[in-house]
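Per-entry structural report
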Amino acid sequence: MSMAASFSSILLKGIASRSRSPSLTTPLTNYGMRYLSTVSNDPDTHDDFKPANKLENSGISLSDVVEQDVKQNPVMLYMKGVPDFPQCGFSSLAVRVLKHYDVPISARNILEDPELKSAVKAFSHWPTFPQIFIKGEFIGGSDIILNMHQNGELKEKLKDITSKQ
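Quick summary incoming for the structure in this document.

What counts and what doesn't
- Residues numbered from 1 in each chain as written.
- Predicted model: local features only at pLDDT ≥ 70, side-chain atom pairs only at ≥ 80, totals over all residues.
- Heavy atoms only, no water.
- Axes fitted to C-alpha atoms, helices over the stretch in contact; angles between N-to-C directions.
- Helix = DSSP H or I, 4+ residues; strand = E, 2+ residues; numbered from the N terminus.
- Left-handed = near helix turned anticlockwise from the far one by under 90°.
- Contact = heavy atoms within 4.5 Å.
- Nonpolar A, V, L, I, M, F, W, Y, C, P; charged D, E, K, R; others polar.
- Phe/Tyr/Trp six-rings, centres within 6.5 Å; stacked < 30°, edge-to-face > 60°.
- Buried < 20%, exposed > 50% of the residue type's maximum accessible area, 1.4 Å probe, protein only.
- Core = buried A, V, L, I, M, F, W, Y, C linked by side-chain atoms within 4.5 Å.
- Arc of directions from axis to C-beta.
- Polar contact = N/O pair within 3.5 Å; in protein donor to acceptor, adjacent residues only side chain to side chain.
- Salt bridge = Lys/Arg side-chain N within 4 Å of Asp/Glu carboxyl O.

What about the packing of helix α2 (residues 62-72) against helix α4 (residues 114-124)?
- The interhelical angle for the contact between α2 and α4, taken along N-to-C directions, is 65°, at an axis separation of 9 Å. Classified by chirality, the crossing of α4 by α2 is right-handed. Contacts from Leu-62, Ser-63, Val-66, Glu-67 and Val-70 in α2 reach Glu-115, Leu-116, Ala-119, Val-120 and Phe-123 in α4.
- Among the residues forming the contact of α2 with α4, the class breakdown is 7 nonpolar, 1 polar and 2 charged.

Structural data, given as structure tokens:
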């Protein structure tokens, strides 16, 4: 194997593992975006170095986590993938529309946890993803956010949310 092919393979493995490795309770911030992910199940990581899943014995349910997400984050997006690497066209569209307004976006990847996906559906009473919440209010999916962008409603809804730094 050539050195370039070997490097490429290592790089791709790193990118693939990056999108699924952070802890559920630890938000990651990247250019004004917060990603909230699940605990790594990487068998090569020693238990001493794995992030602790604080939900397991805390008495906090996933519905509590969803409620906290929605209350604490002015723009909360439940999507397939993360904003930098959306894993479906609808999630990608939602991210592109929201990025247009230069507001901080918090997101959770529902593909990492089927129970989280179910908890979000139960919370919003909406069957599909992505799901966008603005200032605690469920807005809808990418089609609704696109429509609101086109008719000016989204600009009005986001106007008092501080731009990301």
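There's plenty left to go through after this.
Overview of the packing of aromatic side chains
- Within this structure, the stated rule accounts for 4 aromatic pairs.
- Look at Tyr-78 and Phe-133: their rings are 6.0 Å apart centre to centre, the planes differ by 85°, and that puts the pair in the edge-to-face class. In this pair, Tyr-78 sits in strand β3 (residues 75-79) while Phe-133 sits in strand β7 (residues 131-134), placing the two residues 55 residues apart along the sequence. Residue Tyr-78 shares its accessibility class with Phe-133, and that shared class is buried.
- Relative to Phe-138, the ring of Phe-133 has its centre 5.1 Å away and its plane inclined at 50°; by these criteria the two rings are tilted.
- Residue Phe-133 is classed as buried on the basis of its relative accessible area of 1%.
- You can call Phe-138 partly exposed: its relative accessible area is 23%.

A short note on the nonpolar core
- Counting residues in each nonpolar core, the largest one holds 20 residues, and the members touching the most others are Leu-77, Leu-98, Ile-134, Ile-145, Leu-154 and Leu-158.
- Considering every element that reaches this core, the biggest residue donor is helix α3 (residues 89-99), with 5 residues.
- Those residues within four positions of Leu-98 in sequence are excluded, and the remaining contacts are Val-75, Leu-77, Val-103, Ile-105, Ile-132, Ile-145 and Leu-158.
- Within the second largest apolar cluster, 11 residues are counted, among which are Val-66, Ile-110, Val-120 and Phe-133.

Focus on unusual backbone geometry
- In this structure, Pro-130 follows Phe-129 across a cis peptide bond, with omega equal to 10°.
- Inspection of the secondary structure assignment puts Pro-130 in the loop between α4 and β7.
- You will see that Asp-102, though not glycine, has its phi angle at about 55°, which is positive.
- If you trace the backbone, Asp-102 turns up in the loop between α3 and β6 (105-109).
- Unlike most non-glycine residues, His-125 shows phi in positive territory, near 60°.
- Here His-125 shows up in the loop between α4 and β7.
- Judged by relative accessible area, His-125 falls into the exposed class, the value being 68%.

Some words on α4
- For α4, the complete set of buried residues consists of Leu-116, Ala-119, Val-120 and Ser-124. Relative to the axis of α4, the buried residues are bounded by an arc of 120° and lie together on one face. In α4, the exposed positions that point more than 90 degrees away from the buried face belong to Pro-114 and Glu-115.
- N-cap assignment for α4: the residue whose side-chain oxygen lies 3.0 Å from the backbone N of Glu-115 is Asp-113.
- At the C-terminal side of α4, His-125 shows a positive phi close to 60°.

Let's talk about the pattern of salt bridges
- In total, this model carries 5 salt bridges according to the counting rule given.
- Put simply, Arg-108 and Asp-69 hold a salt bridge, and the shortest N to O gap is 2.6 Å. In this pair, Arg-108 sits in strand β6 while Asp-69 sits in helix α2, placing the two residues 39 residues apart along the sequence.
- Here Arg-108 falls in the buried class, since its relative accessible area comes to 4%.
- Asp-69 gets classed as buried once you look at its relative accessible area, which sits at 6%.
- In this structure, Lys-135 engages Asp-160 in a salt bridge whose closest nitrogen and oxygen atoms are separated by 2.7 Å. Placement of Lys-135 in the loop between β7 and β8 (137-140) and of Asp-160 in the segment after α6 (153-158) is noted, with a sequence separation of 25 residues between them.

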